[in-house]
Amino acid sequence: MKQQVKELLSIAWRTLVATGQVSGADPADPQVERARDPAHGDFSTNLALVMAKAVGGKPRDLAARLVAALPASDLVARTEIAGPGFINFFLAPNAHLGLIPAILAAGPDYGRSHVGAGKRVQVEFVSANPTGPLHVGHGRGAAYGAVVADLLAAVGFNVHREYYVNDAGRQMDILAASVWLRYLELCGEDLRFPANGYRGDYVWDIAASLHRDHGDAYRHEAAEVFAGAPEDAASADERDAEGNPLPGAPGGDKETHIDALVNRAKELLGDNRYRFVFELGLNTILDDIRDDLALFGVEYQEWYSERSLTEKGAVNRAIERLREAGHLYERDGALWFRSTAFGDDKDRVVVRDNGQGTYFASDIAYHMDKMERGFDRVIDIWGADHHGYVPRIKGALQALGDDPAKLDVLLVQFAILYRGGEEVQMSTRSGEFVTLRQLRKEVGRDAARFFYVMRRCEQHLDFDLDLAKSQSSDNPVYYVQYAHARVCSVLRQAAEKGLAVEPSPGLTHLEHLIESHEQDLLKTLARYPEVVETAALSEEPHQLTHYLRELANDFHTYYNAHQFLVADAALRDARLKLILATRQVLRNGLQLIGVSAPETM
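Presented here is an overview of the structure given in this document.

### A word on the overall build of the protein chain
- Regarding its fold elements, the protein chain presents 20 helices and 15 strands.
- Dimensions of the protein chain, computed from C-alpha atoms along their principal axes, come out at roughly 90 × 65 × 45 Å.
- Relative to its full complement of 601 residues, the protein chain shows a buried share of 51%.
- Nonlocal contacts in the protein chain, meaning residues at least 24 apart in sequence, comprise 72% of its contacts between residues at least 6 apart.
- By element, 48% of the accessible surface of the protein chain is carried by carbon and sulfur atoms, the whole surface being about 26,500 Å².

Right under this line is the structure:
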């Protein structure tokens, strides 16, 4: 409806130009908004206020001329001029009836558009280090990124979904060392596992596969492994409630200790055998991540390897470009990027004093590569703890001569789980966390996907596990799905009674839809394309979840107030077409969120 009102205004403007009443700029896309207060009509435009200065005259006078020039339309019952020059449109009672055949004809395409005009957009999301299973925090980023990508695709963008695999660097070395140390324990070695190692059961599982397939081939004595290693720090289970080391617990530094063990693993195993352990850990966890995301309804066009950046020389090339542009300097044997010149709080190292590139150097190269691939827009979805990383990445792009405005970084807050009213405690490094797989098995994929995108990404999310599993109207995903299932139930009842459920063509019989509940439902259905477009362009999936809850509420209210399978065949046909259109929009919206539309519940 909004588009039709815009077209009426455009015709009115051209009429004023043709009759010499106005001249000058042509408003190619008049701003039309839905009225917040029904007393002010259905739509409102500020066109007269915007254009009055350009054409000369008072806004209210221009508004009056526009209203007089509006072509006759069955859609508009009346107009009024309000305030300093707003034009309010009141739609005719039957204005929305044409929606029903349009929705039924478009089917799954209803709500889709071409506003994106095929522009290429990359959405990179999740990108968790493959050092352990995905947990519930990653799940929120996965659901949010997937829905943002699907919304953008629905409005005409060419979307490329990408996972950046951090398959290089220190954390992966710590994982490899953790797997090897657990393997040594399975071989019978008595050792103290490092405080900064990865402690989850999944590490035992990988170590067990290494031991099962290779026996003692990778074994070294624990004394040999730990010889010369600096003292470790106390682990979590060696500390009291205040975090102080218990008597007899070590009091060293966990970082230098684990780094020393990584180096010993490389020395004792040698390049080939160390690389085997490294790859075993990486590939086992990465395969697990792929499976988890696929079962969660998340697919990617590309899994981009961090190591490939070094292998193809992208990191060195990015550093050279920055050096040539004068944005690097040496200090204390390291190479620094002057990121303070671009709004960062301090300069950043890109090459350490040992000649090794930093994570930041790889990230610069990765974003340089994104720009070189020709994306019109790049969207990074990161955890909220990366907020300080945004200015330095944007600064690096600017220093490389790329447009930092092409990069949009969306920060996703952590999801806090509650069970029985109590917060579920989690610690990633210790392995005490709820995995995405566990969440999906407990509450189901549909509830997890829906709950994850009910809030703005920058807002904290309290995830009530008990509510997500409940079959009540308080559970938002159940409430929406039940509306869809109720329509299907009505159709089954009609078939059982031998009543025709095949809708009549076009507008036939729709004039019978005069009840207030029917008019409310029609108005909500009309908003769907606008909601999809707004949610996509603003990267706010929660707008769609809120809309679906409103639509479900309108339908449930209608269902409770009226009979659909009435004796009057014409009225029955009209109402069946209305609920069929409602079912289609519910199904389309749920699909964009990655949630099923069950026919029975």
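Right, picking up where we left off after that structure.
### Some details on the sheet that holds strand E13 (residues 415–419)
- Taken in spatial order, the three strands make up an open sheet running E14-E13-E15, and their pairing is mixed. Two strands close off the open sheet at either side, each with one partner strand: strand E14 (422–423) and strand E15 (461–464).
- The sheet strands contacting helix H15 (residues 445–452) are E13 and E15, and the helix crosses E15 at an angle near 155 degrees.

### Focus on unusual backbone geometry
- Residue Val126 is not a glycine yet carries a positive backbone phi of 70 degrees.
- Residue placement: Val126 occurs in the loop between strand E5 (120–124) and helix H5 (136–154).
- Of note, the phi angle at His509 is positive, near 70 degrees, even though the residue is not glycine.

### Here's the deal with the environment of Asn475
- Along the chain, Asn475 falls in the loop between helix H16 (465–469) and helix H17 (476–496).
- On a C-alpha basis, the gap between Asn475 and Gly137 in space is 21 Å, while along the polypeptide they are 338 residues apart.
- Here Ala468 takes part through its backbone oxygen, which lies 3.1 Å from a polar atom of the side chain of Asn475.

### A few points about a negative patch on the surface
- On the surface, a cluster of negative charge is contributed by Glu423, Asp462, Asp464 and Asp466.
- Note that Asp466 resides in helix H16.

### Observations regarding the packing of aromatic side chains
- Per the counting criterion, the structure on display carries 25 aromatic pairs.
- Arranged with centres 6.4 Å apart and planes meeting at 40 degrees, the rings of Tyr164 and Tyr304 form a pair that is tilted. Placement of Tyr164 in strand E6 (residues 158–165) and of Tyr304 in strand E7 (residues 302–305) is noted, with a sequence separation of 140 residues between them. Each of the two residues, Tyr164 as well as Tyr304, counts as buried.
- Between Tyr274 and Phe278, the aromatic rings sit 6.3 Å apart at their centres with planes inclined by 50 degrees, giving tilted as the arrangement. In this pair, Tyr274 and Phe278 both sit in helix H9 (residues 254–295), four residues apart, roughly one turn of the helix. For the pair Tyr274 and Phe278, a shared accessibility class is recorded, and that class is buried.
- Through a chain of ring-to-ring contacts, three or more aromatic side chains come together here, namely Phe337, Phe342, Phe360, Trp382 and Tyr389.
- Stacked on the ring of Tyr218, the Lys or Arg Arg273 has its end atom at 5.4 Å from the ring centre.

Quick notes on the rules
- Residues numbered from 1 in each chain as written.
- Predicted model: local features only at pLDDT ≥ 70, side-chain atom pairs only at ≥ 80, totals over all residues.
- Heavy atoms only, no water.
- Helix = DSSP H or I, 4+ residues; strand = E, 2+ residues; numbered from the N terminus.
- Buried < 20%, exposed > 50% of the residue type's maximum accessible area, 1.4 Å probe, protein only.
- Contact = heavy atoms within 4.5 Å.
- Areas by Shrake-Rupley, 256 points an atom, 1.4 Å probe, with all protein chains shown as cover.
- Pairing = 2+ DSSP bridges.
- Axes fitted to C-alpha atoms, helices over the stretch in contact; angles between N-to-C directions.
- Polar contact = N/O pair within 3.5 Å; in protein donor to acceptor, adjacent residues only side chain to side chain.
- Patch = residues over 30% accessible without salt bridge, like charges linked within 9 Å, V, L, I, M, F, W, Y side chains within 5 Å.
- Salt bridge = Lys/Arg side-chain N within 4 Å of Asp/Glu carboxyl O.
- Lys, Arg positive; Asp, Glu negative; His and termini not counted.
- Charge placed at Lys NZ, Arg CZ, Asp CG, Glu CD.
- Phe/Tyr/Trp six-rings, centres within 6.5 Å; stacked < 30°, edge-to-face > 60°.
- Lys NZ or Arg CZ within 6 Å of the ring centre and 35° of its normal.

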